[in-house]
Amino acid sequence: MKIIFATGNMGKLAEASEILGQGFELVTPAQMGITEEIPETGDTLRANSLQKAEYIYQKTGLDCFADDSGLEVDALGGAPGVYSARYAGDQCSFDDNIEKLLGELEKHPGEPRTARFRTVVTLLTGGEPHFFDGVVEGKIAFERSGTRGFGYDPIFVPDAFAPKTFSEIGVEEKNAISHRGQCLRAMAAWMAENL
């Protein structure tokens, strides 16, 4: 099945392709001629996910899905949350975000470093939205470790693989427990039953 994934993030695209498997051909907005930045102005993950999916659907009229993910750190009151991708500023890199996050946690010595990754995927089929949620619990490491993955993966230690970060475990292990993996498997199961 061919479906548009509203992302320009090649790490997310590779991850989604791996999780969804051979039954799905993922197409990017750029492949459909949509090269502008997709708006993301919501104040929740669900709102951003829906906004991105609706933007692509309105431009193409084709079934599509979008996700929004956030890292919620308890000692920081749930930050960076919906602002995870731009935590250190609008034009920041994930290295900048990681540095800011580790710096902010230094201001909270002794507090638990518990955190979670949360994802909401919005699937639009025939213009109707369907939402899928995923959460993976873990902790924030004191320093980066590992070479795989993207985003905050070098400092996120999932409970299921402690003391390894997402960047230290294999792709299959990560996809088996990841927040995005949970959403995409649920979405694929829903599509198999309903489309």
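Before any of the text, the structure's been laid out above.
### A few points about the nonpolar core
Side chains that are nonpolar tend, in soluble globular proteins, to be buried together.
1) Next: Of all hydrophobic cores here, the largest spans 19 residues; its most connected members are L71, V73, L101, I140, Y152 and F156.
2) Next: Within the residue set of this core, elements represented by two or more residues are strand 3 (64-73), helix 3 (94-106), strand 5 (114-125) and strand 6 (128-140).
3) Next: The greatest single-element share of this core, amounting to 4 residues, is contributed by helix 3.
4) Next: If near-sequence neighbours (up to four positions away) are discounted, I140 is found in contact with L71, V73, L101, L102, L105, R113, A115, I155 and F156.
5) Next: By size, the runner-up hydrophobic cluster in this structure holds 17 residues, among which are L13, F24, L123 and C183.

### What to know about unusual backbone geometry
1) Next: Of the consecutive residues A79 and P80, the connecting peptide bond is found in the cis state with omega at 0°.
2) Next: You can see P80 is positioned in strand 4 (residues 80-81).
3) Next: Here A162 and P163 are connected by a cis peptide whose omega angle stands at 10°.
4) Next: Along the chain, P163 falls in the loop between strand 7 (156-158) and helix 4 (171-177).

### Considering the environment of K59
1) Next: If you trace the backbone, K59 turns up in helix 2 (residues 45-60).
2) Next: What makes K59 partly exposed here is its relative accessible area of 49%.
3) Next: Spatially, the C-alpha atom of K59 lies 38 Å from that of I169, the residues being 110 residues apart in sequence.
4) Next: Those residues within four positions of K59 in sequence are excluded, and the remaining contacts are I34 and E36.

### Some words on the packing of helix 1 (residues 10-20) against helix 5 (residues 179-194)
1) Next: Between helix 1 and helix 5, whose axes approach to 10 Å, the crossing angle comes to 50°. Our classification of the angle between helix 1 and helix 5 gives oblique. Once helix 1 is placed against helix 5, the crossing between them reads as right-handed. Where helix 1 abuts helix 5, its residues K12, E15, A16, I19 and L20 lie against R180, G181, L184, R185, M187 and A188.
2) Next: Class assignment for the residues of the contact of helix 1 with helix 5 results in 6 nonpolar, 1 polar and 4 charged.

The rules we used
Residues numbered from 1 in each chain as written. Predicted model: local features only at pLDDT ≥ 70, side-chain atom pairs only at ≥ 80, totals over all residues. Heavy atoms only, no water. Core = buried A, V, L, I, M, F, W, Y, C linked by side-chain atoms within 4.5 Å. Buried < 20%, exposed > 50% of the residue type's maximum accessible area, 1.4 Å probe, protein only. Helix = DSSP H or I, 4+ residues; strand = E, 2+ residues; numbered from the N terminus. Contact = heavy atoms within 4.5 Å. Axes fitted to C-alpha atoms, helices over the stretch in contact; angles between N-to-C directions. Parallel < 35°, antiparallel > 145°, perpendicular 65-115°, else oblique. Left-handed = near helix turned anticlockwise from the far one by under 90°. Nonpolar A, V, L, I, M, F, W, Y, C, P; charged D, E, K, R; others polar.

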